[in-house]
Amino acid sequence: MNLNYSLHNDTVKHVDLSFYVEVQKDNPVDQVIAKMQDSQRKCALVMDQGKLIGIFTAHDIARRVIDQSEVINEPIETIMTPDPLTLQSDTTLIEAIRFMSDKPHRYMPVVDADRRVLGTLTHYAIIKYMSDHFPEEIYNLPPTPDHFASARAGA
Amino acid sequence: MADAIETLTRKDFVSDQEVRWCPGCGDYAILAQMQRVLPEMGIAREDMVFISGIGCSSRFPYYMNTYGLHTIHGRAATVATGLKVANPDLHVWVITGDGDSLSIGGNHLLHVLRRNVDLNIILFNNAIYGLTKGQYSPTSPPGTRTYSSPMGSVEQDFNAISVALAAEATFVARSVDRNTKHMAEILKRATEHRGTSFVEIYQNCNIYNDGAWFFATEADVKDDQTVILEHGQPIIFGKDRDKGIRVNGLAPEVVTLGNGVSESDLLTHDETLDNPAHAYLLSRLTHPEYPVPFGVFRCVERPIYEDQIIAQGRQAVEERGAGDLNALYHATDTWIVPEGPDAETVQEVHEELPTSNIIPDIEQEDPMAPRTALQQLLYDPISSLDLPAPECVSAETSVADAVETMRSKNLGCLLVVDKQGLLRGIFAQGDLFEKVAGRDIDLTKITVDSLMTKDPTALKTSDPIGHLLHLMSLHGFRHIPIVDPDGRPVGLASFKVMLKFTGGLFSDDISPN
Ligand SMILES: Cc1ncc(C[n+]2csc(CCOP(=O)(O)OP(=O)(O)O)c2C)c(N)n1
Ligand code: SF4
Ligand SMILES: [Mg+2]
C-alpha cells in the first residue's frame, strides 16, 4: 500500500490525536500552563459545558504570556483564541496536510458531526504517520548519517 | 581394542567416588541401568564422556568410570555441543535435571535439540530442585506445595516431551526409574540413535518430592494409568489390556475394547512419522485423564549438526588454506576508550585480513527491493529542500530581546551562534514553555545561553532527507539546524517545512500500489 493511496483514503482519525489537554474556560492561566507542562502537551482545548470554545498553545504562551505576568491569574477564556478552526473527522489526511501547511495553525481540533471533540491533529502526528510508511529509510538508520558501516558486520 | 571392548563389564564403569545421593533416591536406579547397558554397546570407555550441569542428578559423571565434566548450571548441552564439534568420534551423554535443563538451561536445551547434535540427553525429572532442598521446578504441577511455594505453586508446568517435540528433536522418549528393564531398552535405543536423543526419566526424589510418579510405578495402579508405546502396535493398556486410545477429530479418547470397539479402531503408534503431530498428541496424554505413555514417541533421521559444520570447515580450508587465529584476532577493528571527556577515541588500524572468497557471494545479493520514487526521495540531500534561512543571535542576547525577535518575525525558534558564526545552540518556543512559563523570571536579566539547548543535533546539507525525518519522528525534534561543512547554520528544517514539502509531493491521481 503506497503512502499516496493511504493519505487519500485514511482520515485524520487514523493518526494519533492525543497530543492535547482539555481545560475549562474559567481555569486560571497559570493552572492551564501547569497542566500543559505536567503532561508535556503544548496544546490546550478550552471547553465550556462540554463544548469546544477556544484553543491555547505553547505558541500563545511565547507570544502573549511569557513577559506579561499580569495575565497569569486571569481565566483562560480571556487569553485563548476563541472559536478555533476545526477539522471534521472524515477529512482525509491529504486534505488535512494541505490545509495545515497553508495555515499558521500547528494544532487543529478534530470534531465529529455533532461537534464533539475527538482529539487534536498535530504536525508531529502527521510526520510520524508518514514516517511509519518508510521504516527502512527513516527508522532503521544509524545515530548520525555518517555512522554508516563501510562493511557489513553482522549477517 | 575390539577385544578390550568385548570384555567390558558393569564393574568397569563403576568409579571409585563415594556416591552422595540420599539413600533410596531414584538416581541410583538410573546409574545402575547405565552401567548395565554400556558394556553391551560396543563403545570403548575412553570414547565416552558424561557431561552434566548442576543438581543432584548432575553429580552422575563422578560415578561413571568414563570421562566426564560437571559443568555450569543449565549449560551441559552447550559444553557437549562444543565437545562434539571438536571431537565427533566421542560418544557424549548429557545428564541433567528438570531444574537444570528446563529452568536455567531452557534456552540451551531448545537449541541443542533443533540442531540435532549427536548427543544423548538424559533428563532426570523429579519435578523438584533436589540439590537446593526442595523448591518447585518447571515440571511441578500447579498447586505443588514446596518450601518455595508453601501455598501451592501458581505456575503452569512444562511437559518435557512436548517441549522437546516443539524444539524439533529427532529422538524423544520417556521412561521411569522403577521400570528398570524398560529404562535399559530406552537407554540403548537412545545410544543407537544418530542425532540428539532426548530421554525423560521420571525419577523419584524420596526426600523432597516422594511419590510424584507413584501413579506410574505402583503395581496396583500403573497398568491402568500408563501405556507402553510400541512401534506399529495399536495403543492398548490396562491390567486386562482391555482399554485403548482412539482419536476423535484432533482429540484422543479412552475407549474400552468390545461392544463394537475393536483394535482396528485404535490409534496405531508410529514413531517414524515425519510430522510430529502424532507424537505431540501422545505427549498430551497426561495423568489423571489419560494413561501416561512410556517408550519412544519419535525417532526420525535428520542430518547431524557436527557432520555439516565439520564438512564446511574442511571446505573452507581447502578453498582458502588453514587459518591463522592470531591474525584473525588482530585483523578486526579495535579502539581504545580514552580517559577524560575531551580526549578522542583512538581507532587502532590493523592489517587487512586476506579477503574471503566465500563472504563476497553473500554480499552480492541485494535483499532490498528496488526503491520507489518516494523512497528514493528520502535518500536525496537536504539541500534539495526549500529551507528558510535561520535567524541567528549571539549567546549574550537577552531572553527578552529574543522573545521580541521571535514575536515580530513570527518565528518558533532562533539559532545561537558564536563570533565565528558557528552553531552553538538552539532556542525555541519549547524552551520558553518548559523552562520559563509559569515562573516569575525577569527576561531582561537572563541571556539565551541559559535556556538554549547546547550543541544541538544538526545535519549537513549533504545528509539525506530520511535522516531529517528520523530525528523528527523518532526523537520529536521540531526544529533541526542545517549547517555547512564548517558548522555554520545555513537553513532550518521544521515540522512545518516538512509538512509543506510532503503536501506538495502527492498528486490526486492515486492507485493502491
Ligand atoms: C547459576 C546458579 N543458579 C542457581 C543455582 C542453585 N541450584 C543448584 S541446583 C539447582 C536446581 C537443580 O534442580 P534439578 O536440575 O531438577 O536437579 P535435581 O537436584 O532435582 O536433580 C539450583 C537452582 C546454582 N547452583 N547456580
Ligand atoms: S534430594 Fe532428592 S534427588 Fe537429591 S539425592 Fe536426595 S533423594 Fe535424590
Ligand atoms: Mg530435579
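Residues numbered from 1 in each chain as written. Chains lettered and ligands numbered in written order. Predicted model: local features only at pLDDT ≥ 70, side-chain atom pairs only at ≥ 80, totals over all residues. Heavy atoms only, no water.

Engineer: Looking at this structure, how should I read the site of ligand 2?
Structural biologist: Around ligand 2, a shell composed of B:Trp21, B:Cys22, B:Cys25, B:Cys56, B:Asn126, B:Gly130, B:Gln203, B:Cys205, B:Asn206, B:Ile207 and B:Tyr208 is seen. Class assignment for the residues of the shell around ligand 2 results in 7 nonpolar, 4 polar and no charged. (Near = heavy atom within 4 Å. Nonpolar A, V, L, I, M, F, W, Y, C, P; charged D, E, K, R; others polar.)

Engineer: Hey, could you run me through the packing of aromatic side chains in this one?
Structural biologist: Centre-to-centre distance and the angle between the planes together describe a pair of aromatic rings. Scanning all chains against the criterion turns up 12 aromatic pairs over all chains. Between B:Phe50 and B:Trp93 the ring centres are 4.9 Å apart and the planes differ by 10°, which places this aromatic pair in the stacked class. Here B:Phe50 is found in strand 1 (residues 48-52), whereas its partner B:Trp93 is found in strand 3 (residues 91-97), with 43 residues between them in sequence. Comparing B:Phe50 with B:Trp93, the two get one shared label, buried. A centroid spacing of 6.4 Å and a plane angle of 70° characterise the contact between B:Trp213 and B:Phe215, whose relative ring orientation is edge-to-face. For the pair shown, B:Trp213 and B:Phe215 are each scored as buried. An aromatic cluster of at least three residues, connected via ring pairs, comprises B:Trp21, B:Tyr28, B:Phe50, B:Phe60, B:Tyr62, B:Tyr63, B:Trp93 and B:Phe124. Geometry around A:Phe99 places A:Lys103 over its ring, the cationic atom sitting 4.3 Å from the centre. (Phe/Tyr/Trp six-rings, centres within 6.5 Å; stacked < 30°, edge-to-face > 60°. Helix = DSSP H or I, 4+ residues; strand = E, 2+ residues; numbered from the N terminus. Buried < 20%, exposed > 50% of the residue type's maximum accessible area, 1.4 Å probe, protein only. Lys NZ or Arg CZ within 6 Å of the ring centre and 35° of its normal.)

Engineer: In this structure, what is going on with the environment of A:Phe134? I would like to understand it.
Structural biologist: Locating A:Phe134 in the fold gives a position in the loop between helix 5 (123-131) and helix 6 (135-139). What makes A:Phe134 buried here is its relative accessible area of 9%. For the pair A:Phe134 and A:Leu3, spaced 131 residues apart in sequence, the C-alpha separation works out to 9.1 Å. In this structure A:Phe134 touches A:Leu3, A:Tyr139, B:Leu374, B:Gln375 and B:Leu378, once residues within four positions along its chain are discounted. (Contact = heavy atoms within 4.5 Å.)

Engineer: Any chance you could explain the coordination of the magnesium ion (ligand 3) here in plain terms?
Structural biologist: A metal bound by six donors in octahedral fashion has ideal angles of 90 or 180 degrees, whereas one bound by four tetrahedral donors has an ideal angle of 109.5 degrees. Residues and elements named next belong to chain B. In this structure, Asp98 (OD), Asn126 (OD1) and Ile128 (O) serve as the protein donors to the magnesium ion (ligand 3), at separations of 2.1 to 2.2 Å. All donors to the magnesium ion (ligand 3) come from one chain, and their sequence spacing reads D-x27-N-x1-I. In this pair, Asp98 is assigned in helix 4 (residues 98-104) and Ile128 in the loop between strand 4 (120-125) and helix 6 (160-166), connecting sequence segments 30 residues apart. Of the two residues, Asp98 and Ile128, both sit in the buried class. (Donors = N, O, S within 2.8 Å, 3.2 Å for Na, K, Ca; no water.)

Engineer: What is the right way to look at the pairing of strand 6 (residues 107-111) of chain A in this model?
Structural biologist: Residues in a regular strand point their side chains to alternate faces of the sheet. Residue and element names in this part refer to chain A. The buried count for strand 6 comes to 5 of 5 residues, which makes it a mostly enclosed element. Residues Tyr107, Pro109 and Val111 line one face of strand 6 and the alternating positions Met108 and Val110 line the opposite face, and both faces are buried. As judged from the 2 bridges shared by strand 5 (residues 87-88) and strand 6, these two strands associate in the parallel manner. Bridge pairing in strand 6 links Leu87 to Val110. The antiparallel pairing of strand 6 with strand 7 (residues 117-122) creates a hairpin that spans 5 residues between the two strands, and Arg115 there sits at a positive phi of about 65°. (Pairing = 2+ DSSP bridges.)

Engineer: I would appreciate a short explanation of the interface of chain B and chain A in the present structure.
Structural biologist: By a widespread convention, an interface's size corresponds to the accessible area lost as its parts come together. Listed as interface residues are 50 residues of chain B and, on the opposing side, 53 residues of chain A. Where chain B abuts chain A, roughly 4,500 Å² becomes buried across the two surfaces, and 61% of that area is made up of carbon and sulfur atoms. Among the residues chain B hides against chain A, the three largest losses belong to B:Arg407, B:Phe433 and B:Leu499. Together they make up 17% of the total. One can count 1 salt bridge joining chain B with chain A. Residues B:Arg407 and A:Asp67 are paired through a salt bridge, measuring 2.7 Å at the closest nitrogen-oxygen approach. (Buried area = accessible area lost by both parts, 1.4 Å probe. Salt bridge = Lys/Arg side-chain N within 4 Å of Asp/Glu carboxyl O.)

Engineer: I tried to follow helix 2 (residues 29-39) of chain A on my own but got confused; where do I start?
Structural biologist: An α-helical segment advances 3.6 residues per turn. Residues three or four places apart therefore align on the same side. Among the residues making up helix 2 of chain A, those that are buried are A:Val29, A:Val32, A:Ile33 and A:Met36. For helix 2 of chain A, the buried positions fall inside an angular range of 100° around the axis, keeping them on one side. Of the surrounding secondary structure, the elements contacted by the buried residues of helix 2 of chain A are strand 1 (21-24), strand 2 (43-48), strand 3 (51-57) and helix 3 (58-65) of chain A together with helix 16 (429-435) of chain B. A positive phi of about 55° marks A:Gln40, the residue just after helix 2 of chain A. (Arc of directions from axis to C-beta.)

Engineer: Looking at this structure, I do not really get the site of ligand 1. What am I missing?
Structural biologist: All names here are of chain B. With respect to spatial proximity, 16 residues lie near ligand 1, and among them Cys56, Ser57, Asp98, Gly99 and Asp100 are the closest. Asp98 places a polar side-chain atom, nitrogen or oxygen, 2.7 Å from an oxygen atom of ligand 1. Protein contacts shield 72% of the accessible area of ligand 1, which totals 590 Å² for the unbound molecule. The greatest single-element share of the shell around ligand 1, amounting to 4 residues, is contributed by helix 4. Split into classes, the residues belonging to the shell around ligand 1 amount to 6 nonpolar, 8 polar and 2 charged. (Polar contact = N/O pair within 3.5 Å; in protein donor to acceptor, adjacent residues only side chain to side chain. Areas by Shrake-Rupley, 256 points an atom, 1.4 Å probe, with all protein chains shown as cover.)

Engineer: In this structure, what is going on with the sheet that holds strand 4 (residues 81-82) of chain A? I would like to understand it.
Structural biologist: Residues and elements named next belong to chain A. The sheet built from 4 strands is open, its strands ordered 1-2-3-4 with mixed pairing. Of all the strands in the sheet, just strand 1 and strand 4 have a single pairing partner and so form its edges. In this structure, strand 3 lies alongside strand 4, joined through 2 bridges in antiparallel fashion. What sits directly across from Ile55, in strand 4, is Thr81. Along the sheet face, helix 2 touches strand 1, strand 2 and strand 3 and points at about 165° away from the line of strand 1. Set on the sheet, helix 3 makes contact with strand 3 and strand 4; between it and strand 3 the angle comes to about 65°. (Axes fitted to C-alpha atoms, helices over the stretch in contact; angles between N-to-C directions.)

Engineer: I tried to follow the pairing of strand 4 of chain B on my own but got confused; where do I start?
Structural biologist: All names here are of chain B. Strand 4 sits mainly inside the fold: 6 of its 6 residues count as buried. Side-chain alternation along strand 4 places Asn120, Ile122 and Phe124 on one buried face and Ile121, Leu123 and Asn125 on a second face that is also buried. In the sheet, strand 3 pairs with strand 4 via 5 bridges, with the strands oriented parallel. By the bridge assignment for strand 4, Gly97 is matched with Phe124. One ladder, built from 6 bridges, connects strand 4 with strand 6 (residues 197-202); its direction is parallel. Each bridged residue has a counterpart across the sheet, and for Leu123 the counterpart in strand 6 is Glu200.

Engineer: Whenever I open this one, the side chain of B:Glu271 confuses me. Can you help?
Structural biologist: Residue and element names in this part refer to chain B. Residue position: Glu271 is located in the loop between strand 10 (251-256) and helix 10 (277-283). There is a polar contact of 2.8 Å between the side chain of Glu271 and the side chain of Arg189. Once residues within four sequence positions are removed from consideration, Glu271 is found in contact with Arg189, His231, Val296, Phe297, Arg298, Cys299 and Val300.

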